[in-house]
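Coordinates in review
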Amino acid sequence: NLPSSFPSAGSPRPLCIVWVSQSLAAEIATRCERFLFRTMTLSCIFLMDAKGKVIISRNYRGDVPMSITERFSLYIQEQDEMEQRPIFTEDGYTFAFIKHNNLFVMCVTKRNSNIALVLTSLHRLINVFKDYFGELDEESIRDNFVIIYELMDETMDFGYPQSLDSKILRE
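In what follows, the accompanying structure is described. Quick caveat, the model's predicted, so the values are computed rather than measured.

Some words on the overall build of the protein
Helix and strand counts for the protein stand at six helices and seven strands. Ordered by position in the sequence, the α and β elements of the protein form the string α-β-β-α-β-β-β-α-α-α-β-β-α. Looking at the 171 residues of the protein, the share that counts as buried comes to 37%. When contacts within the protein are restricted to residue pairs at least 6 apart in sequence, long-range pairs at least 24 apart make up 54% of them. In the structure as shown, the protein presents an accessible area of about 10700 Å², 51% of it carried by carbon and sulfur atoms.

Structural notes on unusual backbone geometry
In this structure, Asp91 takes a positive phi of about 55 degrees despite not being glycine. Among the secondary structure elements, Asp91 is positioned in the loop between β3 (87–90) and β4 (93–100). Phi angles above zero are rare outside glycine, and Asn101 is one such case at about 50 degrees. Take Asn101: it is sitting in the loop between β4 and β5 (103–109).

Topic: the packing of aromatic side chains
Enumeration according to the criterion identifies eight aromatic pairs in this entry. Ring geometry for Phe72 against Phe88: centres 6.4 Å apart, planes inclined by 10 degrees, an arrangement best described as stacked. Taken together, the residues Phe72 in helix α2 (residues 68–78) and Phe88 in strand β3 connect sequence positions 16 residues apart. Here Phe72 and Phe88 have matching classes, each one buried. Between Tyr75 and Phe88 the ring centres are 3.9 Å apart and the planes differ by 20 degrees, which places this aromatic pair in the stacked class. Highlighted residues: Tyr75 in helix α2 and Phe88 in strand β3, separated in sequence by 13 residues. The residues Tyr75 and Phe88 share a single accessibility class, namely buried.

Cut-offs applied
- Residues numbered from 1 in each chain as written.
- Predicted model: local features only at pLDDT ≥ 70, side-chain atom pairs only at ≥ 80, totals over all residues.
- Heavy atoms only, no water.
- Helix = DSSP H or I, 4+ residues; strand = E, 2+ residues; numbered from the N terminus.
- Buried < 20%, exposed > 50% of the residue type's maximum accessible area, 1.4 Å probe, protein only.
- Contact = heavy atoms within 4.5 Å.
- Areas by Shrake-Rupley, 256 points an atom, 1.4 Å probe, with all protein chains shown as cover.
- Phe/Tyr/Trp six-rings, centres within 6.5 Å; stacked < 30°, edge-to-face > 60°.

This is a description of form; function is not addressed.
Structure follows, in structure tokens:
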């Protein structure tokens with residue numbers, strides 16, 4: 001006799017139930033995250049002031065001209081703040097940005113990237129900067145630009161996100 005909670009013959013049933021250790025579950029989660037991050041790539045990342053002037057930039061793939069920031073600057077100046085979309089496409093380039101403390105953390109890609117993962121990566125990058133510097137603003141960027149470049153290189157490899165955990169990066 002089957003327990004009453006067991007699915008009937010016509011309903012879907014689980015293939016198996018596996019109990020794993022906490023360390024194995026963490027390893028599985030890490031591998032799944034790496035697989036998901038491989039489905040997206042960034043061409044470049046820019047840290048910009050409120051007017052769209054570049055403070056720091058990093059071009060990972062070389063497939064996007066650095067003058068692309070002029071298009072973004074025009075976009076934020078022409079659009080009312082309430083009409084600005086955090087994701088937009090123009091001439092085959094996809095722009096994604098986050099506004100944080102009068103800064104724009106913006107990335108551009110030419111590939112068909114998973115935009116949800118792109119935005120997640122930008123949020124995690126901001127959290128890494130905040131963990132390192134206490135707060136992310138223009139002054140902390142200018143005071144720590146060498147460390148920011150190093151962190152940008154450590155967190156991305158040819159535009160693919162790597163480790164975006166500040167505890168791991170500190171090791």
